[in-house]
Amino acid sequence: MKILFLVYHGFSEHSGISKKIHYQVKGLRENGHDVRLCYYGIADNGHRCRYIDDVVIKDYGVGTLAAIRQRIDYGCISDYCLKEGIEFVYARSFQNANPWLIHFFRKLRKAGIHAVTEIPTYPYDNEFKNFDRKARLGLKIDQMFRKKLSQQMDALVTFSDAERIFGQRTIRISNGVDFDSLPLHQPSLSQKRVGEEAPLHMIGVAEVHDWHGFDRMMTGIGAYHGDREVFFHVVGGVHPHRMDTVFTPIIHKYGLQDKIIFHGQLFGGELTKVFNQCQFAIGSLGRHRSGITVIKTLKNREYATRGIPFIYSEQDSDFDQQPYVLKAPADESPIDVQQIIDFMDHFTMKPEEIRCTVEHLTWKIQMQRVLDAIF
């Protein structure tokens with residue numbers, strides 16, 4: 001089958017979202033399909049361009065007019081689909097519903113081309129509450145048109161349990177994993193037996209937002225008065241405002257300057273090196289702040305694929321009953337560090353045993369589930 005994977009933005013070499021999209025494309029190709037990747041980016045000469053597999057299909061030029069055109073001109077994509085015999089379009093929502101996008105998908109539908117849109121998180125409105133004015137305006141436009149846009153789809157793909165979104169039926173899948181890209185956890189400190197007093201090192205990897213709830217982990221470390229040394233390694237970008245208004249006050253209040261380590265963005269071997277310093281991982285602890293109860297986050301799956309035990313607070317049916325998972329309450333209470341220590345003192349699963357539990361969550365299997373629901 002000829003498939004167009006449609007993204008409304010460009011890629012970053014180090015972005016987790018960018019990597020996920022490429023793994024999804026890889027999963028579709030592993031199922032034997034002819035997949036073309038369509039995206040938007042800025043060329044070396046500064047021109048705003050639409051690409052398919054690194055070939056420019058539309059050069060919008062430079063300046064304000066070019067920026068507007070790339071947001072409303074999808075004719076080059078529909079022309080490509082009709083010319084190349086594309087049978088299925090898999091689009092990833094950028095919270096960008098508008099009349100021009102509705103027209104584009106209506107044109108595909110009339111031509112007999114099937115289409116779905118993936119909603120990365122749902123509901124997502126509350127995620128915009130701390131964003132700038134431009135982003136919130138974009139959300140308002142999306143809210144006006146997203147139901148009509150959804151009517152042009154065969155279905156919406158979701159990682160939640162919602163059976164309908166914006167009035168459209170859903171295809172419920174899990175975020176997937178790519179085993180080739182995530183090395184098995186090899187902790188430099190072996191799992192400790194009961195009674196040993198080795199330090200506990202924990203890692204949280206994210207482009208840190210309010211819904212990650214890392215402040216709950218820091219407050220929990222501050223409230224812990226046991227004998228064990230506890231360290232929290234934060235890997236990923238932290239906005240200066242969040243650092244100044246949320247994290248720094250907690251660190252100073254409890255004197256955690258040497259306990260909370262901010263590594264910034266790390267990738268490849270450098271990221272694996274920090275993982276191997278740690279024995280336990282931190283998932284999202286604040287999804288309730290965005291009004292989300294059920295979600296199948298990518299991070300949980302990446303932790304499990306590496307083979308490291310972890311904690312999170314949302315509902316995730318793939319992991320809620322797994323023996324290598326701790327569940328935190330979905331509220332504002334500090335995380336109970338003593339509970340984590342007790343858990344780890346008795347934990348015996350090997351990384352490869354954890355990894356085996358997510359073999360069914362490869363992107364190859366998850367993306368085929370989408371196709372099976374449409375064709």
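Summary of the structure given here.

**Examining the packing of aromatic side chains**
Thought 1: The full count for this structure, using the stated rule, is 21 aromatic pairs.
Thought 2: Between tyrosine 8 and tyrosine 74 the ring centres are 6.3 Å apart and the planes differ by 85 degrees, which places this aromatic pair in the edge-to-face class. In this pair, tyrosine 8 sits in the loop between strand E1 (2–7) and helix H1 (16–30) while tyrosine 74 sits in the loop between helix H2 (63–72) and helix H3 (75–84), placing the two residues 66 residues apart along the sequence. The pair tyrosine 8 / tyrosine 74 is uniform in exposure class, with both members buried.
Thought 3: Plain terms: the ring middles of phenylalanine 310 and tyrosine 324 are 6.0 Å apart, the flat faces sit at 50 degrees to each other, and that makes the pair tilted. Linking phenylalanine 310 in strand E14 (residues 310–312) with tyrosine 324 in the loop between E14 and strand E15 (325–327), this pair joins segments that are 14 residues apart in sequence. Of the two residues, phenylalanine 310 and tyrosine 324, neither departs from the other in class, the shared state being buried.
Thought 4: Through a chain of ring-to-ring contacts, three or more aromatic side chains come together here, namely Phe275, Tyr303, Phe310, Tyr312, Phe319 and Tyr324.
Thought 5: Positioned over the ring face of phenylalanine 179 is arginine 355, at 4.7 Å from the centre of the ring.

**Overview of the pairing of strand E9 (residues 168–172)**
Thought 1: Pairing analysis gives three bridges linking strand E7 (residues 155–158) to E9, with the strands arranged parallel. Directly across from threonine 158, in E9, lies its bridge partner arginine 172.
Thought 2: Pairing between strand E8 (residues 164–165) and E9: two bridges, direction antiparallel. Directly across from arginine 164, in E9, lies its bridge partner arginine 169.
Thought 3: The antiparallel pairing of E8 with E9 creates a hairpin that spans two residues between the two strands, and phenylalanine 166 there sits at a positive phi of about 55 degrees.

**Quick notes on the nonpolar core**
Thought 1: The biggest cluster of nonpolar side chains holds 52 residues, and the ones touching the most others in it are Met202, Met217, Phe232, Phe280, Tyr324 and Ile340.
Thought 2: For phenylalanine 280, the residues in contact, after removing those within four places along its chain, are Leu200, His201, Met202, Ile203, Ile308, Pro309, Phe310, Ile311, Leu326, Ile340, Phe343 and Met344.
Thought 3: Counting residues in each nonpolar core, the second largest holds 34 residues, with Leu6, Tyr74, Phe104 and Leu139 among its members.

**Quick notes on the packing of H3 against helix H4 (residues 99–110)**
Thought 1: Relative to each other, H3 and H4 sit at 15 degrees, their axes nearing to 10 Å. Put simply, H3 runs roughly parallel to H4. In the packing of H3 onto H4, the handedness of the crossing is right-handed. Between H3 and H4, the contacting residues are Ile77, Ser78, Asp79, Cys81 and Leu82 on the first element and Phe104, Lys107 and Leu108 on the second.
Thought 2: For the contact of H3 with H4, the residue count by class is five nonpolar, one polar and two charged.

**Quick look at the sheet that holds E1**
Thought 1: Read from one edge to the other, the open sheet built from nine strands follows the order E4-E3-E2-E1-E5-E6-E7-E9-E8, with strand pairing classed as mixed. Two strands lie at the open edges of the sheet, namely strand E4 (55–61) and E8, each paired on one side alone.
Thought 2: Two elements, E1 and strand E2 (residues 34–42), share five bridges in a ladder whose sense is parallel. When the bridges of E2 are listed, isoleucine 3 appears paired with valine 35.
Thought 3: Across the sheet, H2 touches E2, strand E3 (48–52) and E4, and the angle it forms with E4 is around 130 degrees.
Thought 4: In the packing of H4 onto the sheet, the strands contacted are E1, strand E5 (88–92) and strand E6 (114–119), and the crossing angle to E5 comes to about 160 degrees.

**Brief notes about unusual backbone geometry**
Thought 1: Looking along the chain, the bond that leaves tyrosine 122 and enters proline 123 is cis, with omega of -5 degrees.
Thought 2: On the secondary structure map, proline 123 appears in the loop between E6 and helix H5 (133–150).
Thought 3: If you check the backbone angles, glutamine 95 has positive phi at about 50 degrees while not being a glycine.
Thought 4: Positioned with a positive phi, phenylalanine 166 is a non-glycine residue whose angle comes to about 55 degrees.
Thought 5: Relative to the assigned elements, phenylalanine 166 resides in the loop between E8 and E9.
Thought 6: Residue phenylalanine 166 is classed as buried on the basis of its relative accessible area, which comes to 16%.

**Concerning the packing of H1 against helix H12 (residues 363–374)**
Thought 1: Running from N to C, H1 and H12 point in directions that differ by 70 degrees, and their axes come no closer than 8 Å. Classified by the angle between their axes, H1 and H12 sit roughly perpendicular to one another. Counted together, Lys20, Tyr23, Gln24, Gly27, Leu28 and Glu30 of H1 and Trp363, Lys364, Met367 and Leu371 of H12 form the full contact between these two elements.
Thought 2: The class makeup of the residues in the contact of H1 with H12 is five nonpolar, two polar and three charged.

**Re the pairing of E2**
Successive side chains on a regular strand alternate, one facing one side of the sheet and the next facing the other.
Thought 1: For E2, the buried fraction is high: seven of the nine residues fall into the buried class.
Thought 2: Between E1 and its parallel partner E2, the chain crosses via H1, and the hand of that crossover is right-handed.
Thought 3: Relative to E3, E2 is paired through five bridges, and the arrangement is antiparallel. Note that in E3 the partner of tyrosine 39 across the bridge is tyrosine 51.
Thought 4: Joining the antiparallel neighbours E2 and E3 is a turn of five residues, in which glycine 46 adopts a positive phi near 85 degrees.

Definitions and limits used
- Residues numbered from 1 in each chain as written.
- Predicted model: local features only at pLDDT ≥ 70, side-chain atom pairs only at ≥ 80, totals over all residues.
- Heavy atoms only, no water.
- Phe/Tyr/Trp six-rings, centres within 6.5 Å; stacked < 30°, edge-to-face > 60°.
- Helix = DSSP H or I, 4+ residues; strand = E, 2+ residues; numbered from the N terminus.
- Buried < 20%, exposed > 50% of the residue type's maximum accessible area, 1.4 Å probe, protein only.
- Lys NZ or Arg CZ within 6 Å of the ring centre and 35° of its normal.
- Pairing = 2+ DSSP bridges.
- Core = buried A, V, L, I, M, F, W, Y, C linked by side-chain atoms within 4.5 Å.
- Contact = heavy atoms within 4.5 Å.
- Axes fitted to C-alpha atoms, helices over the stretch in contact; angles between N-to-C directions.
- Parallel < 35°, antiparallel > 145°, perpendicular 65-115°, else oblique.
- Left-handed = near helix turned anticlockwise from the far one by under 90°.
- Nonpolar A, V, L, I, M, F, W, Y, C, P; charged D, E, K, R; others polar.
- Right-handed = clockwise from strand over helix to strand, strands pointing away.

Keep in mind these numbers describe shape, not what the thing actually does.
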